[in-house]
Every structure is written in C-alpha cells, then in structure tokens.
Amino acid sequence: MAAYAVVMENLKERAEFMNESMQKSQTITDNMISILGSFDHRLSALETAMRPTQIRTHSIRKAHENIDKTLKVAESILAQFDLARQTEAKILRGPHEDLESYLEAVNQLRSIVKFFSSTKGLKSGIGMINHASSLLAKSVLKLEEEFRQLLTLYSKPVEPDRLFDCLPQSLRPSTGSPSKGDGTGTKEHQRSLETVVYHPPALIPPRILPLLHELAQQMIQAGHQQQLYTIYKETRSTVVEQSLRKLGVERLGKEDVQKMQWEVLEAKIGNWIHFMRISVKLLFAAEKKVSDQIFEGQDSLRDQCFAEVTGNSVAVLLSFGEAIAKSKRSPEKLFVLLDMYEIMRELQSEMDIIFGSQYCSEMREAAKVLTDRLAETAQETFVDFEEAVEKDATKTSVLDGTVHPLTSYVINYVKFLFDYQSTLKQLFGDADDGHSKDQLGVITTRILQALQSNLDGKSKQYKDPALTQLFLMNNIHYIVRSVRRSEAKDVLGDDWVQIHRRVVQQHANQYKRISWSKILQTLSVQGASPAGNASFTGEIVSSNTGISRSTVKDRFKTFNMLFEEIHQRQSQWTVPDSELRESLRLAVAEVLLPAYRSFAKRFGYAFLDLLNITLEMNSGSPKSSKLFIWG
C-alpha cells in the first residue's frame, strides 16, 4: 500500500507540473497573438500609405512600354518613308540601267503599299499609298516597254544554216536546198534516223530568259496579262513566220499546185518534207521551250501564247500538204504521197507533245486530218495506177519487139513500192497479223496482171504474129527477172515466178513455131512443093524419096529466099536479155541446122551457102541485142 501511495504521489506531482507548464504556454501564446495583431495593424496601415505610390509607379512603367512601342512603330514608318524615297529614285531612273535593281524596287513598292494599307489611323499613310500606287502604275508601264524592247531585241529569225547545223549529219543539205541533202537515201537509212536525238537551237540567250520571266510575272501581278499576251504574240509569231520564210516555206494552195510542172512540184514536195521535220523537231520545239520558261507557273497563258505564236506557221505548212492531197491524182504522185504520209506519221508523237494543250487542239486535228487524207489519196492512187496500167493506150510502139517503156515503168514502180514496206504496213493496217504483207502482195499481183493485160493488147498491134510472141516473151521475161531480183519475190512467192517462167517459154516456143515452120517445110519431102504440111520437127528426107534434082534445087532456092526474107525482117528485132537471146538462138539452131544439113548432105553440098555462112559467122557474137544471130 505504501508503494502505491508513493506512486500516486509522484503522479500527482507530475500532473501539477504539467498543468503549470500548460498555463505558461497559453500565456506565451496569448502574448504572441497580441504582438502579431499589432504587427498586422501596422502593416495594413503601411500598405494603405504606400498604395498611391505603387499606382504611380505602374502607370510610369506602362507609359514607358507604350513609348517604346510608339517609337518602334514610328521607326518602322520612318523606315518605310525612307524606303519609299529610295524606291522612287530607282523607279524614276527607269529599268534600263539596272533591270534587276528596278524589279527589286517594284517589289519594294508593293510591300510599302501593303504596309500602309495594314496601318490603321495614320493620315499620312493614305497619301503614301496613293503615291506608291501611282509609282507602281508608272513602273508597270516601263516594265511593259522593257519587256517589249528586250523580247524584240533578242527575237531574231533563225537563219537556215543554223537550223541545218542542228540536224543529224545525214540530213544536212550539201548545198543551199534541203532537198539536196544526204537524207534522200534509202528508206531503210531514213528509218534508222528515227532514233536520232535532235537538239533544238536556243532562240533567246539563256541569260535573258530569267529576266523576261520576271518581267512577265510583274506584269501579271499588276493585272497587265492582256498586254503581255499581245506583246508576246505579235513579237514571237512574226519571228517564227520569218524563220520559215527564210527556210523556203511558202503559202501554196491547190490552184498553185495544179499550175506547177511536175519536176518543180516534186522538188517542192521534197523540200516540204524537210521543212516539216525541221519545223517540228527544231523550230517549234525550241519555241515551246521559250514560252515554257518565260511563262513558268502560268500554264494557261503559256499554252495560249504558244498556240498563237505557232498557229499561222503550222497552218501554212499543212496547207501545202492539203493542196497536194486534194490535187489531181496521178501515178507519179504516189511515192511523194507516201513520203509525205511517212513524215506526218514520224512527227505525229512529237506534235502531240509539243501541241498538246487545249489551245493547240485545232493544229493537232489539222495534222491528223492531213495524215488521214494523204493515206486516203495514196490508196486511191493505187487503184488509179492499176486502172491506168490496164487501160494505157499510149501510141509508143517498139518496132523491134523489145521491152516496152510501160513495162519498165511499171516494174520500177513496183520496185519502189517495196522501199516503202513499213509505210505501206501503216497505210494498210498493223503488220502484227500479217494482213498488210498480204495486202501488198495483192496490190502487186493486180498491178502486174493489169500490165500483162495491157501488153496482150499492145502485142496485137504487130502484123507479124512471130513478133507478137517475141514482144510478149521479152516483156514477161523482163517482169519475171525483175521480180526474182527484188523483194517482190518474197511477197509474190516462188509459185508465181515458176508459172510466169513457163509463160515466157510458151511464147518462145510460139515464136519458133511461127517463124520457122514455113521455112522448114522446104526441107520436107512431103508434097511436091515447099508449101507441104511439114511440122516444126526438122524432118530429114530419106534416100529413097525419089525427088528429082530440079525439085531439090527449087527447094534450096525457096529456102534461101525465105531465109533472106526472115533475115532482113528479124535482124531488126531485139532480145535485150543476153541469156534469153542466147538460149533462143540455140533453140532455133538446134532445130534448123540439123534439118538443113541433113537435107544438104543427102542432095549435095553445093547448095550449103547462105545459111551456113551466116550461122557460123555470127553464132559467137552475143554482144548485139538483136535477135537474129546471123544479123
């Protein structure tokens, strides 16, 4: 219990101590609150006293900020006024001294107008806007004049020699006329030129084009697009037309073409083909580059200007082609029509690119129409030629039975056709299915059939049937030999050649029969007179014929007389082909000589005179084209 009492006593003492401590702490806290309250009152009073000063300080600071801003605006305005004075001086001097500086001044004027237009409430800004706008109007007029002068100064017609130098070497003219160049070689050679790269000339110096471009842009920004269009069209179109005239291009219509002699017209067509190639690949291509660079970024204006600049020149070129296509058809025009069709096909893809815009649609369509019309006229000329060959009624006659001029003309015509195989494939359709080759074969066959039909008619003009056969033999042999030595053989085939070789042999046999059957009858023992019915076999008389010596003499006399008549007549006839001539001589000799020698041997050598002498004197002389080996 005592211990408990002690503990309790201790606890009591501690509780009293804690109570005293808490009372002291509360007293300190109350004192601190009192002190802090006093401070708060004092600070509030101080703040109240300082507030007017803070307000004045803030106002001063704001005023300083506004002054700074105002100064900066004033500085920028003054800078714009100063820039305006500098720009005005450049504008008044004009663009001639320093075009680039002048263009820079124009841009600065625009920026000045924009600056003052966006600055509100500045009375002097309105005056500056008006002044700068007035200067801009004057500057654009000067820019317009500068564009005109600069474009005119550097827009000169292109000399023909300069254009010729841009051609591949094989197409450059050897003299002043493009038709005399080396480009008139074989069609295979010309087709190899399709892969040649052309390098159009620079029509305006490269250093000038950026200046013209900038001037054009300035005029467009100032709303002077129409003036720009007019200046460019008038200047460049004149230059292009002058370049073509210098080259030799002339405006010719159908009536002009009809009046020309063929030699003159043929030369002009040859020139036109070269003019088309030069114009499209060089002149128009170069002109397109000029408009592309000057009007870069202005696609519609660019295309419109290019169309206007080249339109008249293209029309002049195509009008000549149209005049040829519409002119009266004739066989000699076929190949120039094919040449013209060929160049139009060659240039088609490039024309589609160069004149690809909507503004050039008429030119593209005109070129396509000309190409189609040339093809149509060429096809019609084929038909005309076939009819002309079959109905040819020229009075030209070959008295010696040689190859008729019509035959050589037609054969040369057909040979030339095969120089145009690729063109004809295009003309008659794609070659992929082989139909164009068949079509060429059909055309060739029909032309040759027409020729043979005409030759049959011409052969009937001869009074001597032997000469009729000789004439047909010579002409058909010439046809066959020419076909065998040309590309026509691949189209007509070996069967055609063999059939017509047999025809040649048939006419040769007919010639021998008609010419020599009568004279061989004098060597026959059948009948009492030379006019018996001996066939063309060279029948040899037998020893027991019982023919009297006087009869034999009469036979020899008649033989020599008939032989002399044939000699005099046929010594004027001709077999121009040496192989055919020699084979015909041998064929006649193989029949006539054995019959004569057998008859002479049986009845006496005294009469072996005229025939042997002439035969043996001339049998080794094949140089002459005359048929009669003894003539």
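Residues numbered from 1 in each chain as written. Predicted model: local features only at pLDDT ≥ 70, side-chain atom pairs only at ≥ 80, totals over all residues. Heavy atoms only, no water.

(A) Region of the structure containing the overall build of the protein. On a plain count of helices and strands, the protein comes out with 21 helices and zero strands. Burial analysis of the protein (631 residues in total) assigns 45% to the buried set. Counting contacts in the protein only where the partners sit at least 6 residues apart, residues at least 24 apart contribute 79% of the total. Of the roughly 33,900 Å² of accessible surface on the protein, 53% is carried by carbon and sulfur atoms. (Helix = DSSP H or I, 4+ residues; strand = E, 2+ residues; numbered from the N terminus. Buried < 20%, exposed > 50% of the residue type's maximum accessible area, 1.4 Å probe, protein only. Contact = heavy atoms within 4.5 Å. Areas by Shrake-Rupley, 256 points an atom, 1.4 Å probe, with all protein chains shown as cover.)

(B) Layout of the nonpolar core. One finds Phe147, Tyr232, Trp272, Met276, Ile294, Met344 and Phe355 to be the most contacted residues of the largest nonpolar core, which totals 144 residues. Once residues lying within four places of it in the same chain are set aside, the contact partners of Tyr232 are Phe147, Leu151, Ser237, Glu287, Val290, Ser291, Ile294, Phe295, Cys305 and Val309. (Core = buried A, V, L, I, M, F, W, Y, C linked by side-chain atoms within 4.5 Å.)

(C) A look at the packing of helix H12 (residues 361-391) against helix H14 (residues 421-428). Between H12 and H14, the shortest axis-to-axis distance is 10 Å and the interhelical angle comes to 105°. What the angle tells us is that H12 and H14 run roughly perpendicular. On H14, the residues that touch Ala375, Ala378, Gln379 and Phe382 of H12 are Leu424, Leu427 and Phe428. Here the contact of H12 with H14 is built from residues that sort into six nonpolar, one polar and no charged. (Axes fitted to C-alpha atoms, helices over the stretch in contact; angles between N-to-C directions. Parallel < 35°, antiparallel > 145°, perpendicular 65-115°, else oblique. Nonpolar A, V, L, I, M, F, W, Y, C, P; charged D, E, K, R; others polar.)

(D) Local environment of the confidence of the model for the protein. Model confidence for the protein is summarised by a mean pLDDT of 78, while 69% of its residues fall at 70 or above. Confidence drops under pLDDT 50 across residues 179-186; counting only partners more than four residues distant or on other chains, this segment forms 18 contacts. Contacts for the low-pLDDT stretch residues 606-611, under 50 throughout, to residues beyond four places or in other chains number 15 contacts. (pLDDT = per-residue confidence, 0-100.)

(E) Highlighting the environment of Ser453. Relative to the helices and strands, Ser453 resides in helix H15 (residues 435-459). On a C-alpha basis, the gap between Ser453 and Lys391 in space is 8.8 Å, while along the polypeptide they are 62 residues apart.

(F) Main features of the pattern of salt bridges. Within this structure, the stated rule accounts for 21 salt bridges. For Glu386, the salt bridge goes to Arg446, with nearest N and O atoms at 3.0 Å. In this pair, Glu386 is assigned in helix H12 and Arg446 in helix H15, connecting sequence segments 60 residues apart. One salt bridge connects Glu582 with Arg585, and the closest N-O pair in it is separated by 3.5 Å. Of this pair, Glu582 and Arg585 both sit in helix H20 (residues 578-603), separated by three residues, roughly a single helical turn. Relative accessible area serves as the criterion here: at 5%, Arg585 is assigned to the buried category. (Salt bridge = Lys/Arg side-chain N within 4 Å of Asp/Glu carboxyl O.)

(G) Layout of the packing of aromatic side chains. Counted according to the given criterion, the structure contains 16 aromatic pairs. For the pair Phe284 and Phe355, a centre-to-centre distance of 5.7 Å together with 75° between the ring planes defines the contact as edge-to-face. You can see Phe284 sitting in helix H9 (residues 262-294) and its partner Phe355 sitting in the loop between helix H11 (333-354) and H12, a full 71 residues away along the chain. As far as the burial class goes, Phe284 and Phe355 line up, both buried. Geometrically, the ring pair formed by Phe559 and Tyr596 is tilted, given 4.7 Å between the ring centres and 35° between the ring planes. Highlighted residues: Phe559 in helix H19 (residues 549-570) and Tyr596 in helix H20, separated in sequence by 37 residues. (Phe/Tyr/Trp six-rings, centres within 6.5 Å; stacked < 30°, edge-to-face > 60°.)

(H) Highlighting the packing of H12 against helix H13 (residues 405-417). Interaxial distance between H12 and H13 falls to 12 Å at its minimum, and their mutual angle equals 160°. Relative to H13, H12 is oriented roughly antiparallel. With respect to the hand of their crossing, H12 and H13 are arranged in left-handed fashion. Judged by residue contacts, Thr381, Phe382, Phe385 and Val389 of H12 engage Leu406, Tyr409, Val410, Tyr413 and Leu417 from H13. Its residues assigned to classes, the contact of H12 with H13 shows eight nonpolar, one polar and no charged. (Left-handed = near helix turned anticlockwise from the far one by under 90°.)

(I) Looking closely at helix H18 (residues 494-521). Given a rise of 1.5 Å per residue, 28 residues ought to cover 40 Å, and the 40 Å separating the end C-alpha atoms of H18 matches this to within 8%. Roughly 35° is the biggest bend found in H18, and it falls at Ser515. (Expected span 1.5 Å × (residues − 1). Bend = angle between axes of the 7 residues up to and from the residue.)

(J) Fine view of a positive patch on the surface. Among the surface-exposed residues, Lys415, Arg484, Arg485 and Arg501 lie close enough to one another that they form a single positively charged patch. Its location among the elements puts Arg501 in helix H18. Residue classification places Arg501 among the partly exposed positions, given a relative accessible area of 40%. (Patch = residues over 30% accessible without salt bridge, like charges linked within 9 Å, V, L, I, M, F, W, Y side chains within 5 Å. Lys, Arg positive; Asp, Glu negative; His and termini not counted. Charge placed at Lys NZ, Arg CZ, Asp CG, Glu CD.)

(K) Seen up close, the side chain of Ser571. One can find Ser571 in the loop between H19 and H20. A polar contact of 2.8 Å, which involves the side chain of Ser571, links it to the backbone oxygen of His567. (Polar contact = N/O pair within 3.5 Å; in protein donor to acceptor, adjacent residues only side chain to side chain.)

(L) Spatial organisation of the environment of Gly248. Residue placement: Gly248 occurs in the loop between helix H7 (225-247) and helix H8 (254-259). Distance from Gly248 to Phe275, taken between C-alpha atoms, is 8.1 Å for residues 27 residues apart in sequence.

(M) Looking closely at the environment of Arg555. With respect to the helices and strands, Arg555 occurs in helix H19. Linking Arg555 and Ser524, residues 31 residues apart in sequence, is a C-alpha distance of 9.0 Å.

(N) Broad picture of H11. A rise of 1.5 Å per residue sets the reference length of H11, with its 22 residues, at 32 Å; its end C-alpha atoms lie 30 Å apart and thus fit the reference within 8%. Considering bend angle alone, the principal kink of H11 is centred on Gln348 and spans about 45°.

(O) Up close: the side chain of Ser237. Tracing the sequence through the fold places Ser237 in helix H7. If we ignore the near neighbours within four places in the chain, the residues touching Ser237 are Tyr232, Glu308 and Val309.

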